[in-house]
Amino acid sequence: MSHKDVYVFAEQRDGAIQPVALELLGKARELAAALNQRVVAILAGHQVEPLAKTLVEYGADEVVLADYPELKDYLTEQYAQAVGQIIIARKPEIVLIGATTIGRDLGPRLSARLCTGLTADCTRLEISPEGQFHMTRPAFGGNLMATIVCPDTLPRMSTVRPGVMQKAQPDAARKGEVTRFEVKFDSSKFRVRLKETVKEQRAQVDITEAKILVAGGRGVGSKEGFAKLESLAHTLGGEVATSRAMVDAGVMPHDRQVGQTGKTVRPQLYMALGISGAIQHLAGMEESDYIVAVNKDKFAPIFGVADLGIVTDLHKLVPMLNERLAKEMQK
Amino acid sequence: MNIVVCIKQVPDTTEIKINPVTGTLIRDGVPSIMNPDDKGGLELALQLKDKHGATVTVITMGPPQADTILREAFAMGADRAILLTDRRFAGADTLATSNALAGALRTLKPDLIVAGRQAIDGDTAQVGPQMAEHLDLPQISYVANAELSGKTLTVRKETEEGYQMLEVDTPCVLTVLASAYNPRYMTVAGIIDAYEKEVEIWSADKIDVDEAKLGLKGSPTKVFKSFTKGSKQPGELHEVEPEQAVELIVAKLKEKFII
């Protein structure tokens with residue numbers, strides 16, 4: 001049997017499907033259509049079968065389910081055995097994995113086990129007119145884009161960061177089958193022991209999920225400055241984001257950082273205040289629907305990607321804009 | 001205890017600029033540095049050495065000029081340095097790189113292998129876990145802390161939601177976050193030493209691996225093409241007083257139905 005179909009590793013944590021899995025199903029549908037193949041989701045976990053329905057609604061034609069107590073929490077070897085055995089038995093042409101801390105741990109382990117190529121953190125996936133799978137990713141800190149192919153080994157694997165691809169519209173009427181897969185675990189290889197999982201309280205919405213982001217950089221400068229941005233974000237119903245400089249300076253936490261070493265976002269509105277626009281930052285936000293940039297330097301690179309660029313003093317602008325928008329939103 | 005730290009020489013990507021006329025990378029004058037996550041990994045190893053006693057070996061695969069980062073590692077406190085350099089390694093993707101390093105590690109048989117989570121020139125985070133698989137060793141990635149007691153390491157791994165505490169016995173592979181380990185400064189005595197110590201040069205003949213798994217021919221992935229991003233057309237730019245700026249922004253947000 002030759003390799004076929006586009007497989008998605010449907011990452012779940014504590015029984016919750018991760019958004020990136022649904023985003024990958026959306027992309028997998030496009031790829032499968034171009035190849036005239038099917039979309040198959042790999043669902044691994046314990047007591048996770050109810051999630052299969054969601055995966056079908058978002059685009060899976062089939063869900064291969066590995067449901068075992070060994071897979072309750074993510075551990076590299078347990079998951080590598082389950083997912084690896086599924087891939088060996090089912091022979092996919094393409095395997096897509098979310099570039100989360102789980103996917104970036106599992107993906108390379110699998111690629112070495114299966115002796116095939118893995119392209120990390122792809123931002124574009126497409127089937128060329130010749131039918132070749134093209135995986136495009138940033139390199140050199142986002143300075144260069146490279147299109148990678150994996151011509152001779154199968155499956156062709158790639159990871160994709162959360163927020164890069166778009167989910168398809170769910171369709172409750174879609175039909176798909178669920179196939180239980182029997183994993184033959186070798187527990188002598190289970191050598192990492194999980195002692196404790198700690199979730200830290202994150203009061204705010206994840207910036208990759210926000211529709212509106214008010215992002216501040218060096219030009220905002222201080223915690224006091226960011227308090228004003230918080231207020232503006234609140235007025236607009238959005239969240240505050242930041243650039244690497246402010247994280248390095250200890251002004252903002254890392255989970256707010258947009259860019260190559262932070263998160264990739266594509267909100268409806270991205271307001272960049274006092275962000276000069278280093279290429280690493282632009283890599284994380286340039287796909288936003290509408291970009292407003294405010295900076296005192298008219299040569300700031302951020303203006304190269306902004307739909308509306310304004311050269312002015314942001315410290316004067318922010319309180320005035322907040323007051324005016326508060327009035328507009330009441331109307 | 002024998003610890004091997006895998007390090008890589010990388011261009012300082014924050015210093016790379018793009019030629020606005022040709023759209024190509026300007027690499028001239030871009031400094032080469034020890035990859036930050038790898039330097040964090042070296043610090044982790046040196047802290048274990050300080051507490052428990054260990055021999056710390058650093059290894060890198062690269063061109064002869066990668067010697068510089070091995071000297072830097074000596075100056076920080078590494079005991080032994082190996083440079084894997086051979087034309088047969090050239091053109092390697094992550095899998096072929098991991099095969100070369102695993103080949104060297106089979107010869108060295110360390111108790112603990114440490115690498116950085118990822119390198120800033122590629123950001124793939126693949127070589128550490130791939131190496132672990134080739135060597136049939138357990139791995140823990142995204143390591144923020146590791147404490148040793150007997151043969152058991154207690155490791156803090158960072159996740160999106162917080163962290164996990166994991167236990168693993170040596171031998172194993174850890175990939176480390178730069179943000180968790182502030183590298184120590186080189187000492188003056190260390191710097192002097194660094195140029196007196198010998199960097200061992202290893203070719204492909206010296207390591208334990210099937211040569212077909214090395215370099216370009218051992219690489220399943222190939223670069224089809226590379227390009228600089230076609231930049232988006234800039235929109236409108238206004239140099240105005242804050243009062244007018246408010247009007248411009250509000251008008252646009254209304255036009256786009258954002259408010």
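What counts and how
Residues numbered from 1 in each chain as written. Chains lettered and ligands numbered in written order. Predicted model: local features only at pLDDT ≥ 70, side-chain atom pairs only at ≥ 80, totals over all residues. Heavy atoms only, no water. Helix = DSSP H or I, 4+ residues; strand = E, 2+ residues; numbered from the N terminus. Buried < 20%, exposed > 50% of the residue type's maximum accessible area, 1.4 Å probe, protein only. Contact = heavy atoms within 4.5 Å. Areas by Shrake-Rupley, 256 points an atom, 1.4 Å probe, with all protein chains shown as cover. Lys, Arg positive; Asp, Glu negative; His and termini not counted. Charge placed at Lys NZ, Arg CZ, Asp CG, Glu CD. Axes fitted to C-alpha atoms, helices over the stretch in contact; angles between N-to-C directions. Parallel < 35°, antiparallel > 145°, perpendicular 65-115°, else oblique. Left-handed = near helix turned anticlockwise from the far one by under 90°. Nonpolar A, V, L, I, M, F, W, Y, C, P; charged D, E, K, R; others polar. Buried area = accessible area lost by both parts, 1.4 Å probe. Salt bridge = Lys/Arg side-chain N within 4 Å of Asp/Glu carboxyl O. Polar contact = N/O pair within 3.5 Å; in protein donor to acceptor, adjacent residues only side chain to side chain. Patch = residues over 30% accessible without salt bridge, like charges linked within 9 Å, V, L, I, M, F, W, Y side chains within 5 Å. 1 Å grid on protein atoms, 1.4 Å probe; cavity = no way out; pocket = protein on both sides within 12 Å on 5 of 7 lines; lining within 4 Å. Points joined across faces, edges and corners; volume = space filled by probe spheres on them. Pairing = 2+ DSSP bridges. Core = buried A, V, L, I, M, F, W, Y, C linked by side-chain atoms within 4.5 Å. Domains from an automatic or database assignment.

### Overview of the overall build of chain B
The helix and strand inventory of chain B stands at 6 helices and 15 strands. The principal-axis extents of the C-alpha atoms in chain B amount to approximately 65 × 40 × 40 Å. Each of the 259 residues in chain B was classed as buried or not, and the buried ones make up 53%. Look at the contacts in chain B between residues 6 or more apart in sequence, and 71% of them connect residues 24 or more apart. Accessible area for chain B stands at about 11600 Å²; split by element, carbon and sulfur atoms hold 51% of it. Where the 28 positive side-chain charges of chain B centre and where its 37 negative ones centre are 4 Å apart.

### Looking at the packing of helix H3 (residues 76-90) of chain A against helix H4 (residues 103-114) of chain A
Two measures define how a pair of helices packs: the angle their axes make with one another and the distance between the axes. Residues and elements named next belong to chain A. The N-to-C vectors of H3 and H4 enclose an angle of 50°; their axes lie 10 Å apart at closest approach. On the basis of their axis angle, the class for H3 and H4 is oblique. Between H3 and H4 lies a crossing of right-handed hand. Between H3 and H4, the residues in contact are Thr76, Glu77, Tyr79, Ala80, Gln81, Val83, Gly84, Ile87 and Ile88 and Asp105, Leu106, Arg109, Leu110, Arg113 and Leu114, respectively. Split by residue class, the contact of H3 with H4 holds 8 nonpolar, 3 polar and 4 charged.

### Topic: the interface of chain B and chain A
Contacts between the two partners involve 77 residues from chain B and, on the opposite side, 87 residues from chain A. Taken together, the two surfaces of chain B and chain A that pack against each other cover about 7100 Å², and 56% of this comes from carbon and sulfur. At the surface where chain B touches chain A, the tally comes to 13 salt bridges. One salt bridge in this structure joins Lys157(B) and Asp105(A), with 3.7 Å as the shortest N-O distance. On inspection of chain B and its partner chain A, the count reaches 36 residue pairs in polar contact (both at pLDDT 80 or more).

### A short note on a nonpolar patch on the surface
All names here are of chain B. A surface patch of nonpolar side chains, about 320 Å² in accessible area, is lined by Met186, Ile191 and Tyr195. By the element assignment, Tyr195 lies in the loop between helix H5 (188-194) and strand E13 (199-202). Note on Tyr195: relative accessible area 58%, which makes it exposed.

### A look at empty space enclosed by the protein
Throughout the structure, instances matching the rule amount to 4 cavities of 30 Å³ or more. Approximately 90 Å³ is the volume found for the largest cavity. What lines the largest cavity is Leu75(A), Thr76(A), Glu77(A), Gln78(A), Arg109(A), Lys189(A), Phe190(A), Arg191(A), Val192(A), Pro138(B) and Gln139(B). The element best represented in the lining of the largest cavity is H3(A), accounting for 3 residues. A class-by-class count of the residues in the lining of the largest cavity yields 4 nonpolar, 3 polar and 4 charged. If you list the elements that add at least two residues to the lining of the second largest cavity, you get strand E9 (139-149) and strand E11 (162-169) of chain B.

### Concerning the environment of Gln257(A)
All names here are of chain A. Checked against the element boundaries, Gln257 lands in the loop between helix H6 (244-248) and strand E16 (269-273). A relative accessible area of 3% means that Gln257 is categorised as buried. The spatial distance from the C-alpha of Gln257 to the C-alpha of Gly284 is 9.2 Å, given a sequence separation of 27 residues. Those residues in contact with Gln257 that lie beyond four places of it in its chain are Ile207, Thr242, Ser243, Arg244, Val247, Gly262 and Lys263.

### Some words on the sheet that holds strand E11 (residues 156-160) of chain A
Residues and elements named next belong to chain A. The strand order across the open sheet formed by 7 strands is E7-E11-E6-E1-E4-E5-E12, and the pairing between neighbours is parallel. The open sheet has two edge strands with one neighbour each: strand E7 (118-122) and strand E12 (177-180). Pairwise comparison of adjacent strand axes, ignoring direction, gives a mean angle of 25° for this sheet. Summarising the sheet, strand E5 (residues 62-67) and E12 pair through 4 bridges and their orientation is parallel.

### Notes on the sheet that holds strand E14 (residues 222-227) of chain B
Reading across the sheet, the 4 strands line up as E8(A)-E9(A)-E10(A)-E14(B) and stay open at both edges, with antiparallel pairing between neighbours. The open sheet is flanked by strand E8 (124-127) of chain A together with E14 of chain B, the only strands paired with a single partner. Shown here is a sheet whose adjacent strand axes are inclined to one another by a mean of 25°, direction ignored. Pairing analysis gives 5 bridges linking strand E9 (residues 133-139) of chain A to strand E10 (residues 144-149) of chain A, with the strands arranged antiparallel. Across the sheet, Ala139(A) pairs through a bridge with Leu144(A), a residue of E10(A). Packed onto the sheet, helix H1 (residues 19-35) of chain A meets E8 and E9 of chain A and runs at close to 20° relative to E8(A).

### Examining unusual backbone geometry
Residue Pro155(A) is bonded to the preceding Leu154(A) through a cis peptide linkage, with omega at -5°. Its place among the elements puts Pro155(A) in the loop between E10 and E11. Of note, the amide linkage connecting Thr170(B) to Pro171(B) takes the cis form, showing an omega dihedral of 0°. Of note in this structure, Lys91(A) is not a glycine but carries a positive phi near 55°. Assignment of secondary structure puts Lys91(A) in the loop between H3 and strand E6 (94-98). One non-glycine residue, Ala125(B), lies in positive phi territory at about 65°. Note on Ala125(B): relative accessible area 7%, which makes it buried.

### Points about the nonpolar core
Ranked by internal contacts, the top residues of the largest apolar core, which has 40 residues, are Ile3(B), Val5(B), Leu42(B), Leu44(B), Val58(B), Leu153(B) and Leu174(B). Looking at this core element by element, the count peaks at 6 residues for helix H2 (residues 67-76) of chain B. Listed in part, the 36 residues of the second largest apolar core include Val6(A), Ala60(A), Ile127(A) and Val160(A).

### Remarks on the domain arrangement of chain A
All names here are of chain A. If you check the domain split of chain A, you get domain 1 (6-189) and domain 2 (212-330). Of note, the centres of domain 1 and domain 2, computed from C-alpha atoms alone, are 33 Å apart. Listed per partner, the contact involves 9 residues of domain 1 and 8 residues of domain 2. Taken together, the two surfaces of domain 1 and domain 2 that pack against each other cover about 730 Å², and 36% of this comes from carbon and sulfur. One can count 0 salt bridges joining domain 1 with domain 2. Each residue belonging to the side of domain 1 that touches domain 2 can be placed in one class, and the counts come to 3 nonpolar, 5 polar and 1 charged.

### Let's talk about the pattern of salt bridges
Applying the stated criterion across every chain, the model contains 49 salt bridges over all chains. For the salt bridge of Lys27(A) with Glu30(A), the shortest nitrogen-to-oxygen distance reads 3.0 Å. Of the two residues, Lys27(A) and Glu30(A) both sit in helix H1, 3 residues apart, roughly one turn of that helix. The partner of Lys252(B) in a salt bridge is Glu236(B), with the nearest N and O atoms 3.2 Å apart. Highlighted residues: Lys252(B) in helix H6 (residues 242-255) and Glu236(B) in strand E15 (residues 236-239), separated in sequence by 16 residues.

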